[in-house]
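# Tertiary structure, described
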Amino acid sequence: VQLQASGGGLVQAGDSLNISCEASGRTYGAQDMAWFRQAPGKDREFVAHIAWDGYRTTYSDSVKGRFSISRDIVKTIVYLQMNNLQPDDTAVYFCAASSLSDLPEPTTSSPYRYWGQGTLVTVSS
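A brief look at the structure comes next. (Residues numbered from 1 in each chain as written. Predicted model: local features only at pLDDT ≥ 70, side-chain atom pairs only at ≥ 80, totals over all residues. Heavy atoms only, no water.)

## Digging into the state of the cysteines
How we decide: Any two cysteine sulfur atoms lying within 2.5 Å of each other are counted as a disulfide. Each helix is a run of DSSP H or I of at least 4 residues and each strand a run of E of at least 2, with the numbering of both proceeding from the N terminus. Burial status follows relative accessibility: with a 1.4 Å probe on protein chains alone, a residue under 20% of its type maximum counts as buried, one over 50% as exposed, and anything between as partly exposed.
Per the stated rule, a full pass over the model turns up one disulfide. Disulfide pairing is shown between Cys21 and Cys95; the S-S distance is 2.0 Å. Disulfide Cys21-Cys95: torsion about the S-S bond near 50°, hence right-handed. Highlighted residues: Cys21 in strand S3 (residues 17-24) and Cys95 in strand S9 (residues 91-97), separated in sequence by 74 residues. Across the pair, Cys95 and Cys21 agree in class, each one buried.

In structure tokens form, the structure reads like this:
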């Protein structure tokens, strides 16, 4: 499975941005999917997860209520709609896919076997 993230860019605080990640190759291997991010000088952190069927989502406390994850099951594309962006959201955003479904602990990185190259989101104040 290959993951290609896109849609990052430079925005101002309070703006919205939608980033996406498309899986290719053996896409049946991309069951649960997620977004993680890594800010400069910080560890990678969990952002959002969506189950294989799109019915269960999980968010980190820092983005809950502002970000929304969704997926196109047929095309195996996962989206992250980010609203009211703040400078602390500045990071490289990575999409990840697990070959497992309905992950019991989707917020850790270990269940995700496949990772994209990341897309940079920069939020200016």
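## Notes on the sheet that holds strand S8 (residues 77-82)
Two pairing modes exist for strands in a sheet, parallel and antiparallel, and in both the strands are linked by backbone hydrogen bonds. To keep things clear, this is the line we draw: At least two bridges found by DSSP between two strands are what make those strands a pair. To obtain each axis, a line is fitted to C-alpha atoms, and for helices this fit is confined to the stretch in contact; angles are then taken between N-to-C directions over 0 to 180 degrees.
Spatial strand order, S1-S3-S8-S7: four strands in an open sheet with antiparallel pairing. Among the strands making up the open sheet, the edge pair consists of strand S1 (2-6) and strand S7 (67-72). When the angles between neighbouring strand axes are averaged without regard to direction, this sheet yields 15°. In terms of strand pairing, S3 meets S8 through six bridges, oriented antiparallel. If you follow Ser20 over to S8, its bridge partner there is Tyr79.

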